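So the chains spell out like this:
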Amino acid sequence: MLQSAAIPYRIDDAGGILVLLVRSRTRQRWIVPKGKIGSRMLASRSAEREAFEEAGVLGRISHQPIGTYRQPASARSLIGEEAVIQAYPLEVVDELPVWQEMHQRERRWFTIKEALQVVRDPEIKALIRKFRSYVRGLKKV
């Protein structure tokens, strides 16, 4: 099962990179916004929609994924089935004070170093490390 995720980020006044993580609803772990790809929707646009719904942010989504990671599929799926999640960087331009899942999830900005400390999932940690390399390339431009 293919899904998509957004890695919402912004550059602070000092030039540092911050990433926005959300808490998962069931296990309360820090994750990136992700979900099923909508029908007739590009994976990148679906990731953008997930960031809007789960974290209340709007921005510029890259149409090239920076990586993929795997997770066990939901309990409603076949046993042993995995979700393959393509992740897309999303440069945040607006953070809404009210959003769809605000009563279900906490959102918080982290430095990349902090994000690597709070994220438990090794696949998401590896993705954040890839993202760190991606944004280093952006800052040189």
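First things first, this report covers the structure right here in the doc. (Residues numbered from 1 in each chain as written. Predicted model: local features only at pLDDT ≥ 70, side-chain atom pairs only at ≥ 80, totals over all residues. Heavy atoms only, no water.)

1. Brief notes about the overall build of the protein chain
A count of helical and extended segments in the protein chain gives three helices and eight strands. Moving toward the C terminus, one meets the helices and strands of the protein chain in the order β-β-β-β-α-β-β-β-β-α-α. A globule of 141 residues ought to have a C-alpha radius of gyration of about 14 Å, and the protein chain, at 14 Å, matches this closely. With respect to the principal axes defined by its C-alpha atoms, the protein chain has extents near 45 × 35 × 30 Å. Counting all 141 residues of the protein chain, 45% fall into the buried class. (Helix = DSSP H or I, 4+ residues; strand = E, 2+ residues; numbered from the N terminus. Rg over C-alpha atoms; globule rule 2.2 N^0.38 Å. Buried < 20%, exposed > 50% of the residue type's maximum accessible area, 1.4 Å probe, protein only.)

2. Let's talk about unusual backbone geometry
Look at Gln 28: it is not a glycine, yet its phi comes out positive at around 60°. Along the chain, the position of Gln 28 falls in the loop between β2 (17-23) and β3 (30-31). Residue classification places Gln 28 among the partly exposed positions, given a relative accessible area of 41%. The phi torsion at Arg 40 lies on the positive side, around 55°, for a residue other than glycine. Residue Arg 40 is classed as exposed on the basis of its relative accessible area, which comes to 89%.

3. Considerations on the pairing of strand β7 (residues 82-95)
Across eight bridges, the pairing between strand β1 (residues 2-11) and β7 is parallel. Of the residues in β7, the one forming a bridge with Ile 7 is Pro 89. Inspection of the sheet shows strand β5 (residues 57-61) paired to β7 by five bridges, in the antiparallel sense. Bridging across to β7, Val 57 finds its partner in Glu 95. (Pairing = 2+ DSSP bridges.)

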